[in-house]
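Architecture at a glance
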Amino acid sequence: MTENDDFIHHGDDSRLKFALEGSGDGIWDYNFITKKNIASRRMKEILGFDMQQPDADFYLNDWTERLHPDCQDETMKALQKVLDNETDVYTLEQKVRCNDGSYKWLLTRGKVVSRSEDGKPIRMIGTASDLSERKKSEEELKIYQFVMENAPITVLFLDADAHICYANKAGCEGLGYTKEALLKKKIPDINPAFPAEKWDNHWQNLKDNKTVAIETIHKRKNGELFPVEVVANYIEYGDNAYNIAFIKDISERKKAEKAIINSERELRRIFNNLDDTYYRTDLEGRLTMVSPSVINLMGESQSEILGNKLSDYYTEDHSRELFLAAMQSQGGKVRGYEGGMRRKDGQIIWVSINAHFLFGESGETIGVEGAIRNISDRRKLEEQLWQAQKIEALGTLV
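The following refers to the structure shown. (Residues numbered from 1 in each chain as written. Predicted model: local features only at pLDDT ≥ 70, side-chain atom pairs only at ≥ 80, totals over all residues. Heavy atoms only, no water.)

**Here's the deal with the overall build of the protein**
Helix and strand counts for the protein come out as 15 helices and 15 strands. Sorting the 398 residues of the protein into buried and exposed places 35% on the buried side. A sequence separation of at least 24 residues applies to 43% of the contacts in the protein between residues at least 6 apart. Of the roughly 24500 Å² of accessible surface on the protein, 51% is carried by carbon and sulfur atoms. (Helix = DSSP H or I, 4+ residues; strand = E, 2+ residues; numbered from the N terminus. Buried < 20%, exposed > 50% of the residue type's maximum accessible area, 1.4 Å probe, protein only. Contact = heavy atoms within 4.5 Å. Areas by Shrake-Rupley, 256 points an atom, 1.4 Å probe, with all protein chains shown as cover.)

Structure (structure tokens):
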């Protein structure tokens with residue numbers, strides 16, 4: 001006869017019936033008179049006992065010592081009700097110490113199957129289910145719920161009728177509602193850009209694509225509107241479908257974007273109204289960028305001059321080589337470098353250049369950037385002054 005056979009044949013039919021009803025779980029049988037327990041093989045396996053250990057039943061004789069301290073009070077109260085004949089059954093979730101010293105959650109069910117004439121229990125049998133996986137899942141679920149509830153962005157669960165089924169703490173605070181009040185709302189109540197008549201199309205689009213990202217606006221309880229970024233996800237659970245929406249308040253981002261746009265607009269206005277001509281060239285000296293003022297300087301529009309070599313406009317053949325040599329000798333930049341340039345109409349003009357080398361991400365030279373100023377009038381005045389001084393000097397000699 002096997003150990004389980006001995007367990008089954010030990011006792012009366014009521015115990016056998018109860019044991020069969022608990023098939024697959026650990027089964028135990030406690031005799032209040034002999035103070036002895038009999039445990040099924042599965043019961044011993046759950047708690048990690050060696051099947052060859054001769055006193056493997058002993059652990060049940062001191063069950064309370066194996067209970068985690070947090071579970072002892074509840075267990076003793078339940079057993080006392082059995083002893084006082086208030087009930088014949090009990091069901092408890094208990095944290096029990098295994099043979100290796102670790103603890104395992106068990107669901108224990110006990111039933112008194114025999115009492116004395118004066119009502120005292122004689123025999124109790126029961127089952128123990130290993131709750132380890134369930135408890136692990138419950139703990140993971142608690143973590144997920146905690147993370148969801150305390151996420152720094154709004155999380156909303158919406159049903160097919162646009163009802164808000166769940167809102168986390170950030171969602172309630174951001175919209176200015178209590179959780180109870182927000183769960184009575186629908187999307188059109190918090191999103192004026194999403195009236196009820198649009199919802200069906202949105203739901204179908206979400207169902208087809210599974211994930212949809214949009215920028216829209218939300219309305220707080222006080223009526224204040226603010227921009228949001230929404231990532232909506234379609235999921236089905238059981239017979240129900242939901243829109244799980246992750247929503248981020250992008251007010252600060254929009255302010256920053258507006259500031260950048262305004263700054264770029266201002267820089268563009270300045271760039272377009274420069275008196276001097278801004279330019280960039282590549283390593284071959286070809287113009288890759290030039291300000292609109294180039295038409296006043298060279299008599300050519302931006303579209304006409306871009307792609308041309310700047311050296312084509314120098315009046316001297318070696319002007320570019322001299323210019324680059326000057327930059328190299330002055331640490332990669334020049335200020336007030338003067339030279340002659342020829343306009344589209346053939347007119348010679350004098351210019352002053354401030355420029356520096358451009359470098360790529362790896363530190364390599366990729367071109368030149370600078371500004372060109374027409375100083376022809378100044379040079380003309382200087383020439384006139386020099387001529388006047390020369391005539392004055394000749395008159396003094398006479």
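Further notes follow.
**Some points on the pattern of salt bridges**
For side chains of opposite charge, pairing can occur when their charged atoms come near one another. For the structure on display, the rule yields 25 salt bridges. Between Glu-138 and Arg-134 there is a salt bridge; the shortest N-O distance is 2.9 Å. Of the two residues, Glu-138 and Arg-134 both sit in helix 6 (residues 132–149), 4 residues apart, roughly one turn of that helix. Taking the relative accessible area as the measure of exposure, Arg-134 reaches 36% and is therefore partly exposed. (Salt bridge = Lys/Arg side-chain N within 4 Å of Asp/Glu carboxyl O.)

**Let's talk about the nonpolar core**
Membership of the largest hydrophobic core comes to 24 residues, with the highest contact counts inside it found for Leu-156, Ile-164, Leu-182, Ile-187, Ile-190 and Trp-199. Of all the secondary-structure elements, those providing two or more residues to this core are strand 6 (154–158), strand 7 (164–167), helix 7 (169–175), helix 9 (187–190), helix 10 (196–209), strand 9 (225–237) and strand 10 (240–249). In terms of residues, this core owes the most to one element, strand 9, which gives 5 residues. The contacts of Leu-156, once residues within four sequence positions are left out, are Ile-164, Tyr-166, Ala-167, Ile-190, Asn-243, Ile-244, Ala-245 and Ile-247. By size, the runner-up hydrophobic cluster in this structure holds 22 residues, among which are Val-294, Tyr-313, Ile-349 and Ile-372. (Core = buried A, V, L, I, M, F, W, Y, C linked by side-chain atoms within 4.5 Å.)

**Section: the sheet that holds strand 9**
Sheet architecture is open: 5 strands sit in the order 7-6-10-9-8, paired in antiparallel fashion. Of all the strands in the sheet, the pair left with one neighbour each is strand 7 and strand 8 (211–219). Between one strand axis and the next, the sheet turns through 30° on average, direction left out of account. Here strand 9 runs beside strand 10; their pairing, made up of 10 bridges, is antiparallel. Pairing of Glu-236 across the sheet is with Ala-241, part of strand 10. (Pairing = 2+ DSSP bridges. Axes fitted to C-alpha atoms, helices over the stretch in contact; angles between N-to-C directions.)

**Details of a nonpolar patch on the surface**
Taken together, the side chains of Leu-141, Ile-143, Tyr-144, Phe-146 and Val-147 present a nonpolar region at the surface, about 540 Å² in accessible area. With respect to the helices, strands and loops of the structure, Tyr-144 is situated in helix 6. (Patch = residues over 30% accessible without salt bridge, like charges linked within 9 Å, V, L, I, M, F, W, Y side chains within 5 Å.)

**Looking at empty space enclosed by the protein**
Tallied over the full model, the rule gives 3 cavities of 30 Å³ or more. Considering only enclosed or pocket space, the largest cavity measures out at about 140 Å³ in volume. If you go around the largest cavity, you meet 15 residues; those closest to its centre are Leu-158, Ile-187, His-202, Val-230 and Asn-243. Going through the elements one at a time, helix 10, strand 8, strand 9 and strand 10 are the ones with two or more residues in the lining of the largest cavity. Broken down by element, the residue count for the lining of the largest cavity peaks at 4 residues, all from strand 8. When the residues that make up the lining of the largest cavity are grouped by side-chain class, the tally is 10 nonpolar, 5 polar and no charged. (1 Å grid on protein atoms, 1.4 Å probe; cavity = no way out; pocket = protein on both sides within 12 Å on 5 of 7 lines; lining within 4 Å. Points joined across faces, edges and corners; volume = space filled by probe spheres on them. Nonpolar A, V, L, I, M, F, W, Y, C, P; charged D, E, K, R; others polar.)

**Here's the deal with the packing of aromatic side chains**
Scanning all chains against the criterion turns up 7 aromatic pairs. Between Phe-157 and Tyr-166, the aromatic rings sit 4.9 Å apart at their centres with planes inclined by 50°, giving tilted as the arrangement. Measuring from ring centre to ring centre gives 6.0 Å for Trp-199 and Trp-203, while their planes differ by 35°; the resulting arrangement is tilted. Of the two residues, Trp-199 and Trp-203 are both situated in helix 10; the distance of 4 residues between them amounts to about one turn of the helix. The same class applies to Trp-199 as to Trp-203, namely buried. The ring of Phe-226 carries Arg-220 above its face, with NZ or CZ at 3.9 Å from the centroid. (Phe/Tyr/Trp six-rings, centres within 6.5 Å; stacked < 30°, edge-to-face > 60°. Lys NZ or Arg CZ within 6 Å of the ring centre and 35° of its normal.)

**Some remarks on the pairing of strand 4 (residues 103–115)**
Along any regular strand the residues' side chains alternate between the sheet's two faces. Bridge analysis of strand 3 (residues 89–97) against strand 4 gives 9 bridges, and the strand direction is antiparallel. In the sheet register, Lys-95 faces strand 4, and the bridge partner there is Trp-105. Linking two consecutive strands that pair antiparallel, namely strand 3 and strand 4, is a turn of 5 residues; a positive phi of about 95° is found at Gly-101 within it. Pairing geometry for strand 4 and strand 5 (residues 121–130), over 9 bridges, is antiparallel.

**Quick word on helix 5 (residues 69–83)**
With 15 residues, helix 5 should cover 21 Å at 1.5 Å per step; its first-to-last C-alpha distance of 21 Å lies within 8% of that length. Within helix 5 the residues assigned to the buried category are Cys-71, Thr-75, Ala-78 and Val-82. Contacts made by the buried residues of helix 5 are with strand 3, strand 4 and strand 5. Positive phi appears at Asn-85, one or two residues downstream of helix 5, with a value of about 65°. (Expected span 1.5 Å × (residues − 1).)

**Brief notes about the side chain of Ser-291**
By the element assignment, Ser-291 lies in the loop between strand 12 (287–290) and helix 12 (294–298). Sequence-distant contacts of Ser-291, defined by excluding residues within four places in its chain, comprise Phe-271, Asp-276, Thr-277, Tyr-278 and Gln-302.

Any functional reading would require information that these geometric values do not contain.
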